[in-house]
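# Observations on the model geometry
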Amino acid sequence: MLIVQKYGGTSVGDAGRIKNVAKRVCRTKEAGHDVVVVVSAMSGETDKLVNLAAEVSENPDPREMDMLVSTGERVTIALLSMAIHSLGHAAQSFTGRQAGIISDCFHTKARIEKITGERLREALKEGNIAVVAGFQGINEKSDVTTLGRGGSDLTAVAIAATLQADYCDIYTDVDGVYTTDPNMVPQARKLDKISYDEMLEMASLGAKVLQTRSVEFAKKYNVPLRVLSSFTDNPGTLVTAEDSDMENVVVSGVAYDKNQLKITIVGVPDKPGVAAKIFSVISEANIIVDMIIQNVSEGGLTDVSFTVLKTDSKRIMDVMKKIVADIGARDVNLEEDIAKVSIIGVGMRSHSGVASQMFSALAQEGINIMMISTSEIKISCVIEAKYTELAVRMLHKVFELDKVA
Ligand code: ADP
Ligand code: ASP
Ligand code: MG
C-alpha cells in the first residue's frame with residue numbers, strides 16, 4: 001500500500017517527539033508499505049515567525065510573509081529525515097517546490113492548482129521514505145506561497161489524491177474527531193466515522209482538528225482520510241462518504257469559533273444597490289465575510305451587521321471608512337468579544353425542531369443570541385465570547401452527544 005502520513009506541530013514539537021515520529025514512520029515502512037510523510041513546523045514556530053514579522057512591520061508584505069513562515073517546515077523535514085536515517089532507513093526531504101506543489105498567487109492563503117510529484121515518485125521507487133514540508137507551494141513565478149493556517153493537512157490530502165494513496169492518515173495530539181473539542185469538554189466522545197460534509201462544516205465552524213480546505217479536497221477526490229493520535233495506537237476516526245447510519249443521528253457535533261469579529265454599519269440608506277456596494281468593496285479587498293444580517297429599516301435607514309476574521313481587523317476597518325463615506329452611512333462599530341457556536345448533523349435534513357431546541361437551551365442559560373445562520377446540516381449562533389464554554393458544554397449535553405448513538 002501507499003500511505004501518506006501527516007504529523008502536526010505538537011507531534012514534532014521537540015527532538016524526542018521527532019524521534020517518536022521517525023519510529024512510527026519506519027514501522028509503517030517495515031510493514032511493507034511505501035510512505036510519504038508530511039510534517040508541520042514544530043509547535044509554536046509558525047506563531048513565533050508571525051509575531052516577529054509584526055515586530056518589524058505593521059503591515060507585512062504577504063510575499064515576504066510566505067518566505068518567512070515557510071521556513072518552519074524546512075526545519076522539521078530535515079530533522080525528521082535525519083532521525084529516520086538514524087533508524088537505518090533511507091529518507092529524503094522535499095520542500096513544496098521540490099515536491100512540485102504548484103499554487104495560485106494568493107500569498108498566505110494560496111490554493112493548490114496541481115502537484116507534479118515527480119521527485120516523490122522517484123524517491124519512493126528508489127526505496128526512500130519521502131518527507132515533505134507541509135503548508136507550502138510555489139506560484140507560477142516560483143515564489144514561495146503558503147496555504148493558510150493549518151495548511152499541512154491540505155498538503156497531505158492533495159499529495160494522497162495525486163499519488164492515489166490507499167490512506168491519508170492525519171496524526172495529531174488527539175486520537176480522532178470528537179463530538180466537540182475534547183480539550184474543552186471532557187465528556188466529548190470520539191466518532192468512529194464522520195461524513196465529509198459534516199467534517200467540512202465542523203472544520204469551517206471552528207474545529208481545527210482538520211483544515212477546512214483539506215476536507216473539501218478529500219471529498220472532491222474521495223481520499224480515504226483518517227484522524228489518529230501520534231502518541232497512542234488507538235483506532236482513530238474515518239472521514240468518508242455519507243452512509244445511512246449517519247442520517248439517523250440528528251446532531252453529531254458542536255463547534256465553536258472565537259476568531260471572528262462583528263462589524264455593524266449604522267444608519268445605512270435603505271435602497272437598492274447599497275448592500276451590493278458594501279460587499280463588493282469588501283470582496284475586492286479579498287476579505288471573507290461570514291454571517292450577514294440587515295435589520296428592519298426605520299425612516300429609510302437600516303443597520304447592517306456582518307462577521308469577518310479577527311486577522312482581517314485592521315484591513316476591514318480601513319475598507320469600512322471608505323464605504324461609510326461612499327454610501328453616506330452614519331457610523332461603524334466593531335465588536336471583538338464574540339464567538340460563534342454551532343451544531344452540525346446530516347440528520348437535521350429530516351428533523352424539525354432542532355433550531356428551537358438550540359435557541360431554548362441558550363435562553364435557559366441567559367445567553368443572548370446576536371446572529372443566527374443555518375444551512376441544511378448546521379445551525380450557528382453568534383453570542384458573547386465569555387459564554388462560549390458554557391454554551392458548548394450545554395449544547396453537547398442537550399443533544400445527548402455524550403451518549404453512544
Ligand atoms: P496539529 O498541530 O496536529 O495540526 P491542531 O491543533 O491543528 O493539531 O488540531 C488538533 C486540536 O483540534 C485538538 O488538540 C483539539 O483541541 C482541537 N479540536 C477542536 N475540535 C475538535 C474535535 N471536534 N475533535 C477533535 N479535536 C478537536
Ligand atoms: N505550520 C503551519 C501553521 O501553524 C501549518 C500547519 O501546522 O498545518 O499553521
Ligand atoms: Mg492543524
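Given the structure is predicted, the values throughout are model-derived calculations rather than measurements.

Taken together, Ser40, Ala41, Thr46, Glu73, Phe135, Arg149, Gly150, Gly151 and Ser152 make up the full set of residues near ligand 2. Arg149 places a side-chain nitrogen or oxygen 2.6 Å from an oxygen atom of ligand 2. Backbone polar atom of Gly151 to an oxygen atom of ligand 2: 3.4 Å apart, as the coordinates give it. Its free accessible area being 260 Å², ligand 2 has 86% of it covered by the protein chains. Here the shell around ligand 2 is composed, by residue class, of 2 nonpolar, 5 polar and 2 charged.

Right, let's get into the site of ligand 1. As a matter of local geometry, ligand 1 sits amid 17 residues, with Thr172, Asp173, Tyr178, Asp181 and Asn183 nearest to it. Between ligand 1 and Thr172 there is a distance of 2.7 Å, counted from an oxygen atom to a side-chain nitrogen or oxygen. Tyr178 has a polar backbone atom sitting 2.9 Å from a nitrogen atom of ligand 1. For ligand 1, the protein covers 88% of the area, taking 580 Å² as the surface of the free molecule.

Quick look at the sheet that holds strand 2 (residues 34–39) now. Taken in spatial order, the 8 strands make up an open sheet running 3-6-2-1-9-11-12-10, and their pairing is mixed. Each of the sheet's edge strands pairs with one partner strand only, and the pair in question is strand 3 (91–94) and strand 10 (193–195). Across the sheet, the axes of successive neighbouring strands diverge by a mean angle of 20°, strand direction being ignored. Across the face of the sheet, helix 8 (residues 196–204) comes into contact with strand 10 and strand 12 (237–240) while running at roughly 85° to strand 10.

With that out of the way, let us pick up helix 13 (residues 354–364). Of the residues making up helix 13, those classed as buried are Val354, Met358, Ala361 and Leu362. Buried residues in helix 13, looked at end-on, bunch into an arc of 95°, giving them a common side. In helix 13, the exposed residues that point more than 90 degrees away from the buried face are Ala363 and Gln364. Residues of helix 13 that are buried make contact with strand 18 (338–344), strand 20 (378–384) and helix 14 (388–398).

This next bit is on the pattern of salt bridges. Enumeration over the complete set of coordinates arrives at 22 salt bridges. For the salt bridge of Arg24 with Asp233, the shortest nitrogen-to-oxygen distance reads 3.3 Å. Pair noted here: Arg24 is in helix 1 (residues 15–30) and Asp233 is in the loop between strand 11 (225–229) and strand 12, with a separation of 209 residues, a long-range link. Judged by relative accessible area, Asp233 falls into the exposed class, the value being 58%. A salt bridge links Glu389 to Arg393; the nearest nitrogen and oxygen atoms lie 3.0 Å apart. Placement of the pair is Glu389 and Arg393 together in helix 14, with a separation of 4 residues, close to one helical turn. Classification of Arg393 as partly exposed rests on a relative accessible area of 34%. Where salt bridges share partners, they join Arg24, Arg27 and Asp233 into one cluster.

Reading guide: rules and limits
The numbers attached to residues start from 1 for each chain and follow its sequence in the written order. Going through the entries in the order they are written, you letter the chains from A and number the ligands from 1. Owing to the predicted nature of the model, reporting of local features is limited to residues with pLDDT of at least 70; listing and counting of side-chain atom pairs is limited to 80 or more, with chain, interface and lining totals taken over all residues. As a rule here, side-chain values come from all non-hydrogen atoms in the structure, and water together with hydrogens is ignored. We call a residue near a molecule or strand as soon as one heavy atom of that residue lies within 4 Å of the molecule or strand. Polar contact is the term for a pair of N or O atoms within 3.5 Å; when the atoms are in protein, one must be able to donate a hydrogen and the other to accept it, and sequence-neighboring residues count only if both atoms are side-chain atoms. Areas reported as accessible are Shrake-Rupley estimates using a 1.4 Å probe. Residue values count occlusion only from the protein chains shown. Classification used: nonpolar for Ala, Val, Leu, Ile, Met, Phe, Trp, Tyr, Cys and Pro, charged for Asp, Glu, Lys and Arg, polar for all others including Gly. Whether two strands pair depends on DSSP finding at least two bridges between them. For the purposes of this entry, the term helix denotes a DSSP run of H or I that reaches at least four residues, the term strand denotes a run of E that reaches at least two, and both are numbered from the N terminus. A fitted line through C-alpha atoms serves as each axis, taken over the contacting stretch for helices, and the angle formed by two N-to-C directions is quoted from 0 to 180°. Residue contacts are counted whenever heavy atoms from the two residues lie within 4.5 Å of one another. Between buried and exposed lies partly exposed: a residue is buried under 20% and exposed over 50% of the maximum accessible area for its type, with that area taken using a 1.4 Å probe on protein chains only. The arc refers to the directions leading from the helix axis to the C-beta atoms. Whenever a carboxyl oxygen of Asp or Glu lies within 4 Å of a side-chain nitrogen of Lys or Arg, that contact is scored as a salt bridge.

Function cannot be read off these values alone, since they describe shape.
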